[in-house]
Amino acid sequence: MPGFGRWINATWILLLGIFHSCFSSYSEDQCSWRGSGLSQQQGSVEQISLHCSEGTLDWLYPKGALRLTLTPRLAPVAAAGPGGGVITACVKPSERFHGAQLYLERDGLLELLVGDRMEASPPPRVRCFSRTPGQRLALFLQATPHQDISRRTASFRYELRGGWTARMALDSNAISREDACRPCNDTEILMAVCTSDFVLRGNIRSVEEDETLRAAVIKVSATRVFRQKYTLFTGSSRLASRGEVRTLLQCGVRPGPGSFLFTGRVHFGEAWLGCAPRYKDFQRTYSLAKAAQQIPCELPVD
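The name given to the protein chain in an unreviewed UniProt entry is Meteorin, glial cell differentiation regulator, with the source organism recorded as Xiphophorus maculatus. Recorded in UniProt under Subcellular location (unreviewed entry), the annotation for the protein chain is "Secreted". The UniProt entry for the protein chain carries this comment under Sequence similarities (unreviewed entry): "Belongs to the meteorin family."

Asker: How should I be thinking about the environment of Glu54 in this particular structure?
Answerer: Tracing the backbone through its elements, the reader meets Glu54 in strand β4 (residues 54-60). On the basis of relative accessible area, Glu54 is assigned to the partly exposed category, the value being 38%. Separated by 22 residues in the primary sequence, Glu54 and Ser32 place their C-alpha atoms 8.3 Å from one another. Apart from residues no more than four positions distant in its own chain, Glu54 is found in contact with Cys31, Tyr158, Glu159 and Tyr230.

Asker: What should I look at first to understand the nonpolar core in this one?
Answerer: A general tendency of soluble globular proteins is for nonpolar side chains to be buried together. In terms of nonpolar packing, the biggest core is built from 27 residues, with Leu57, Trp59, Leu102, Leu139 and Phe156 touching the most fellow members. At the level of secondary structure, the elements contributing two or more residues to this core comprise β3 (45-50), β4, β5 (65-70), β6 (87-93), β7 (100-106), β8 (109-114), β10 (137-143) and β11 (153-162). Membership of the second largest hydrophobic core comes to 19 residues, among which are Phe198, Ala215, Ile218 and Ala222.

Asker: Mind showing me how you'd approach the state of the cysteines here?
Answerer: Linking two cysteines covalently via their sulfur atoms produces the bond known as a disulfide. If you walk through the whole model with that rule in mind, you get 4 disulfides. Each sulfur in the disulfide pair Cys90 and Cys128 lies 2.1 Å from the other. On the sign convention where negative is left-handed, the bridge of Cys90 and Cys128, at about 100° about the S-S bond, is right-handed. Of this pair, Cys90 sits in strand β6 while Cys128 sits in strand β9 (residues 127-131), and the two are 38 residues apart along the sequence. Each member of the pair Cys90 and Cys128 is classed as buried. Two residues, Cys184 and Cys275, share a disulfide whose sulfurs are 2.0 Å apart. Classification of the bridge connecting Cys184 and Cys275 rests on its S-S torsion, roughly -90°, and on that basis the disulfide is left-handed. Remark: Cys275 occurs in the loop between β16 (270-273) and α5 (279-291) and Cys184 occurs in the loop between α3 (177-181) and α4 (186-195); sequence separation between them is 91 residues.

Asker: What is the right way to look at the layout of surface pockets in this model?
Answerer: By volume, the second largest pocket is sized at about 430 Å³. If you trace the second largest pocket, you find 24 residues lining it, with Cys181, Val253, Leu273, Gly274 and Ala276 closest to the centre. Here the lining of the second largest pocket is composed, by residue class, of 17 nonpolar, 3 polar and 4 charged.

Asker: Can you help me understand the packing of aromatic side chains in this one?
Answerer: For any pair of aromatic rings, the description consists of the separation of the ring centres together with the inter-plane angle of the planes. The full count for this structure, using the stated rule, is 4 aromatic pairs. Both rings, one in Phe260 and one in Phe262, keep their centres 5.9 Å apart while their planes meet at 45°; by these two values the pair is tilted. Note on Phe260: relative accessible area 13%, which makes it buried. Judged by its relative accessible area of 2%, Phe262 falls in the buried class.

Asker: What exactly am I supposed to notice about the confidence of the model for the protein chain here?
Answerer: A low pLDDT score tells you not to read the predicted coordinates there in detail. Scored by pLDDT, the protein chain comes out at a mean of 78, with 76% of its residues at no less than 70. Ranking the helices and strands of the protein chain by mean pLDDT puts α5 first, with 94, and helix α1 (residues 2-17) last, with 40. Low pLDDT (under 50) marks residues 1-26, which in the prediction has 42 contacts with non-local residues, meaning those over four places away or in another chain. Taken as a whole, residues 165-169 scores under 50 in pLDDT and shows 15 contacts with residues more than four places along the chain or in a different chain.

Cut-offs used in this document
- Residue numbers restart at each chain and count upward from 1, following the sequence in its written direction.
- A pLDDT threshold of at least 70 governs which residues receive local features in this predicted model, and a stricter bar of 80 or more applies before side-chain atom pairs are shown or counted, although totals over entire chains, interfaces and linings include all residues.
- Based on all heavy atoms of the structure, the side-chain values leave hydrogens and waters out of the count.
- UniProt positions are given in the numbering used here, feature names are shortened, and annotations may be inferred rather than shown by experiment.
- The numbering of helices and of strands both runs from the N terminus, where a helix is a DSSP run of H or I of at least 4 residues and a strand a run of E of at least 2.
- Remark: exposure states derive from per-residue accessible area (1.4 Å probe, protein chains only) relative to the maximum for the residue type, with buried under 20%, exposed over 50%, and partly exposed in between.
- Throughout, a contact is declared for two residues whenever any of their heavy atoms are within 4.5 Å.
- Throughout this description, the term nonpolar core refers to a set of buried Ala, Val, Leu, Ile, Met, Phe, Trp, Tyr and Cys residues connected via side-chain atoms within 4.5 Å.
- Disulfides are defined as pairs of cysteine sulfur atoms found within 2.5 Å of each other.
- Lining residues are defined by having an atom within 4 Å of a point belonging to a cavity or pocket. Those points lie on a 1 Å grid over the protein atoms alone, cavities being sets where a 1.4 Å probe fits but cannot get out and pockets being open sets with protein on both sides within 12 Å along at least five of seven lines.
- Grid points are joined across faces, edges and corners, and a volume is the space filled by probe spheres set on the points.
- Here the nonpolar group is Ala, Val, Leu, Ile, Met, Phe, Trp, Tyr, Cys and Pro; Asp, Glu, Lys and Arg are the charged ones; every other residue, Gly included, is treated as polar.
- To pair, rings of Phe, Tyr and Trp, with the six-membered ring standing in for Trp, must have centres within 6.5 Å; the planes then decide the type, stacked if under 30 degrees apart, edge-to-face if over 60, and tilted in the middle.
- Think of pLDDT as the predictor's per-residue confidence, scored from 0 to 100.

In structure tokens, the structure reads:
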């Protein structure tokens, strides 16, 4: 019902205008918040502000509403990034997300990200969105009425980065196949070597489908790990290092022979593919750029 959606927007914007603070939180820091709606007044909106690039929110016994602003203190290089100051945020609801609806508030308008779940509903998926410089964004949680709120908890994790590209986002609804799956050009490859969370040389052992994430899970044997921000690829020796890299299912990745340079980002503890040229092509690109003194950073290539 279109009129109902407009009524919700108008109602909650009005509530934000007459907002008064309630003290329902019992655990709060710069990165995460944990609190209960039991002491929150009906119809009230509690304001929360977090200042980290990643963290969690746990709202037990939801009642009323929460408005969360995320203002991460990103490094200047990351904040500027190749995206010209665009910050991309992703939220990952818990599998037992119940008792509330999660909205993105963008310039005064509400967009539903995660609805309240029924017991038999599939787990909610990761949702991503971007903020351009100067744009006002917030996350808005509205409790849904339930007679029994004792088993309701609205929880999610969040991550924010500067300079994420479309190919590195998890929410594929807003990404075209062309943007997400096209090969990287030489400039993007050289920048990926410098800015990625992991950089390694390896071979594809197999590719599996994860229908829940709508992702392809690439099983990788890493012959050389140049860098990894988190411990993703492990083994008893350099030749035995193994791990997994995910990419969008729509890209149609298939196992094949040859050695690749794998780069990418870590989202919620999982490796997601960025640029992945064949290693011999990367060697050629790197050698030419180094000879022309146009490499953004050094990598000890073979």
